[in-house]
Structure formats: structure tokens, C-alpha cells
Amino acid sequence: MAKINFGGTIEEVVTREEFPMEKALDILKNETIAIIGYGVQGPAQALNLRDNGFNVIVGQRKGSKTWDKAVEHGWVPGKTLFEIEEAAQRGTVIEFLLSDAGQIALWPTIKPFLTKGKTLYFSHGFGITFKEQTGIIPPADIDVVLAAPKGSGTSVRRLFLQGKGINSSYAVFQDATGNAKQKAIALGIGVGSGYLFETDFKKEVYSDLSGERGTLMGAIAGIFEAQYEVLRANGHSPSEAFNETVEELTQSLMPLVAENGMDWMYANCSTTAQRGALDWKKKFKAATLPVFQELYKSVATGAEAKRTIETCSKPDYREKLAEELKELRESELWQAGAAVRQLRPEKNTVEASMIN
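Residues numbered from 1 in each chain as written. Predicted model: local features only at pLDDT ≥ 70, side-chain atom pairs only at ≥ 80, totals over all residues. Heavy atoms only, no water.

Novice: An account of the packing of aromatic side chains is needed here, citing residue identities and associated values.
Specialist: Counted under the stated rule, the structure contains eleven aromatic pairs. Cluster of aromatic residues (ring-pair linked, three or more members): F96, W107, F122, F173 and F201. Positioned above the aromatic ring of W75, the side-chain terminus of R50 is 4.3 Å from the ring centre. Between the NZ or CZ atom of K283 and the centre of the ring of W280, over which it lies, the distance is 4.3 Å. (Phe/Tyr/Trp six-rings, centres within 6.5 Å; stacked < 30°, edge-to-face > 60°. Lys NZ or Arg CZ within 6 Å of the ring centre and 35° of its normal.)

Novice: Account for the domain arrangement of the protein, naming residues and giving values.
Specialist: What the domain assignment lists for the protein is domain 1 (2-200) and domain 2 (212-354). Taking only C-alpha atoms, the centre of domain 1 and the centre of domain 2 are 30 Å apart. Every contact between the two is made by six residues of domain 1 and, on the other side, eight residues of domain 2. Across the interface of domain 1 and domain 2, roughly 560 Å² is buried in total on both sides, 74% from carbon and sulfur atoms. Looking at the side of domain 1 facing domain 2, the largest losses of area belong to F126, F130 and Q133, adding up to 64% of the total buried there. Scanning the region where domain 1 abuts domain 2 turns up zero salt bridges. Our count for the domain 1 to domain 2 interface comes out at one residue pair in polar contact (both at pLDDT 80 or more). Counting residues per element, the ones that place at least two in the side of domain 1 that touches domain 2 are α5 (100-110) and α7 (131-134). Grouping the amino acids of the side of domain 1 that touches domain 2 by side-chain chemistry returns four nonpolar, two polar and no charged. (Domains from an automatic or database assignment. Contact = heavy atoms within 4.5 Å. Buried area = accessible area lost by both parts, 1.4 Å probe. Salt bridge = Lys/Arg side-chain N within 4 Å of Asp/Glu carboxyl O. Polar contact = N/O pair within 3.5 Å; in protein donor to acceptor, adjacent residues only side chain to side chain. Helix = DSSP H or I, 4+ residues; strand = E, 2+ residues; numbered from the N terminus. Nonpolar A, V, L, I, M, F, W, Y, C, P; charged D, E, K, R; others polar.)

Novice: Got a sec to walk through the pairing of strand β6 (residues 93-96)? Specific residues and values, please.
Specialist: The side-chain alternation of β6 yields two buried faces, one formed by V93 and E95 and the other by I94 and F96. Pairing analysis gives four bridges linking strand β3 (residues 33-36) to β6, with the strands arranged parallel. If you follow A34 over to β6, its bridge partner there is I94. Read from β6 through α5 to strand β7 (residues 119-122), the crossover connection turns out right-handed. (Buried < 20%, exposed > 50% of the residue type's maximum accessible area, 1.4 Å probe, protein only. Pairing = 2+ DSSP bridges. Right-handed = clockwise from strand over helix to strand, strands pointing away.)

Novice: Give a description of the UniProt feature "binding site: Mg(2+) 2" (unreviewed entry) in the protein that names residues and reports values.
Specialist: Summarizing the sequence annotation, UniProt attributes the feature "binding site: Mg(2+) 2" (unreviewed entry) to D208, E244 and E248 in the numbering used throughout. Across 41 residues, the annotated set is spatially dispersed, with a maximum C-alpha separation of 28.7 Å. Exposure remark for D208: the relative accessible area of 18% places this residue in the buried category. Excluding anything up to four places from it in sequence, D208 contacts H124 and K150. With respect to the helices and strands, the residue E244 is situated in helix α12 (residues 238-260). Discounting residues that sit within four places of it in the chain, E244 has contacts with Q227 and L231. (UniProt positions renumbered as here; feature names shortened; annotations may be inferred.)

In C-alpha cells form, the structure reads like this:
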């Protein structure tokens, strides 16, 4: 493992240099990896593993939309695509990649196939960490591991096809064979990770739920809406408000942060922007720190898990979700965003090339 200095804290991380694909393939050479769940993470991880040369099968309900999607992706019924029960029986590594609510519903179906010596794999620590609420308690004679890509399935696949990798965490919850850690890392490398850092199931889900509700999705969306509304209320046009709120951030500034860090982005902006950002950063931190503390407490007490399970398990959840997303999509902010995206030069170039 490589020792890296993270701002004064030394961490051991796994990179492809010390754990190459050949090693991962050798560790898993006798394993059949069964992907259960072909929605968000499932397709990306299954396809990346297949492209990397691992023995992979997919388990889905025949006649479902996800079954049809798997067929479109080249999985062959009766050879690499099976009903869920048969895939779980054939698999020696079960990648349980359904949604958290889906895992709860399917657990009684999967559990009988988790026989001695098999490996149960997750990409999220939710089901295990909140086992009192989910009922997901694995048998004692199997390995239980995790490799969690830090991004959506779409990003996992896209970065893989670009010859890059996505950062992932890995963890071992249960080591029945004595080889669980090596298998977890090998699977993490196999699904397309750039580097892997060690965690545990509880920390993974606590950080993941906090991040999704915080800076990754919830907080950033809320901040976008607040600034946009203030600009519009003071007479700025939708185009100006959207560009100053979202477009400049996502298209210009965040790529600079990704490239060399926040300080480098600041250094490459005007002195007026630098001064204002440094002054107001402290006020925004002071205003939001109590919210993030409240959020983390809600995650750690299980309140967020309880709400997730209760709402996502309702039969009409997808319909209500579609309504909420429709409201978001049809708001002026994101209608302005749709118009701005159409006006991007590269968008017009791509569309012109498609027409020609």
C-alpha cells in the first residue's frame, strides 16, 4: 500500500501500481461474480468487471425493464443472464447492488443462497449498519465486504471508458475465509477504481448520507436556489442569474478546483473575487456549520435511515419522486439551465455534427 500525506494525516491507500489488474484477476480467478441489481451501480460495475476479464453473471427478473437493459448490454439469457435465484446460486461473490429499499425487500430471497465460503459484496454500508431496521444480517460463515465508488454508476462507467478511474472506499465487515480484504480490494480494482482508501461500513454510510444531503446534492441545490431567487428578486434576468449562480461554477470554476485545488482556483480569479470570496467564506461556514452538525447527528442516530426506509418502501414512492423531480425540473432556475445548456458552443457543434 502507498502512504500518502493528506494535509498532515498519513493514510495508506491502494493504487493500481501496487495492486495491478493482473493481481485482482488472479485473486478472483475461481470466483463467479453475480450482479444482483441492474439499476444505478449494477450496469457500470458489471460491464467494467466483464471488460476487465472477470467471470461475471447478472441476476434479474425476466420480463423486467432491467432484464431488457441487460440484454441490450450483451448479457445472454441462460449463459450470463439469469433469474435472481439462479444467479445467486451460481455466484460465489454476490454483488448486492439494489437500492437500499430494494435490498430490504429482496434479502429473504438472497439469504438462502449465501452458503459457507461465499462473499457478499455491497457498494453502500446502509443495509449492514442499520441492520435493526433493514433486517440484513448475513450468516457468520461468509465474507462480507464493500467497495464503494465515490460517484454515480454513470460516472463509474464513463471514467472507465476514458481510461481513467473513480476513487472508491473499501471495507471488510466479516472475514470468514481469512481472505476478505484481498477480495474487497480486488473487486474494487475490478470495477474500475483509480485508488482505494480503507473505511468501515458505518463510516462509509455516515459520510455517504451526510455528503448526499450536504455539499454533493442537497446543500448545493439549496444554495443555488437561494442565490438565484435573490438575483431574480433584484431585477436580474434568468440568463444572468443562472450564469452567475450555476453555469460559471460548473463550467469554469469547479474544473479549476478539481485540477489543482481551491487556492489555485482563487489565485486564477480577479483580486476583487478573491477578496470577497475569502471574506464571505467565513460567514457561510458559520451559517452552515450548525446545519451540517444537525445533519450528521440525524444520520448517526438512524433518523435518516428511518425516513429513507419508510418513504422509499411505499408502493407509490416512484410516482411521488417523479412529481418532486418534475417540480424541480420545471422551476424557472432549471428551465433557465436547460436553455443555457442548449446555447453552449460545444452543444451546438455536437448537434450540428449529428445532423450532418
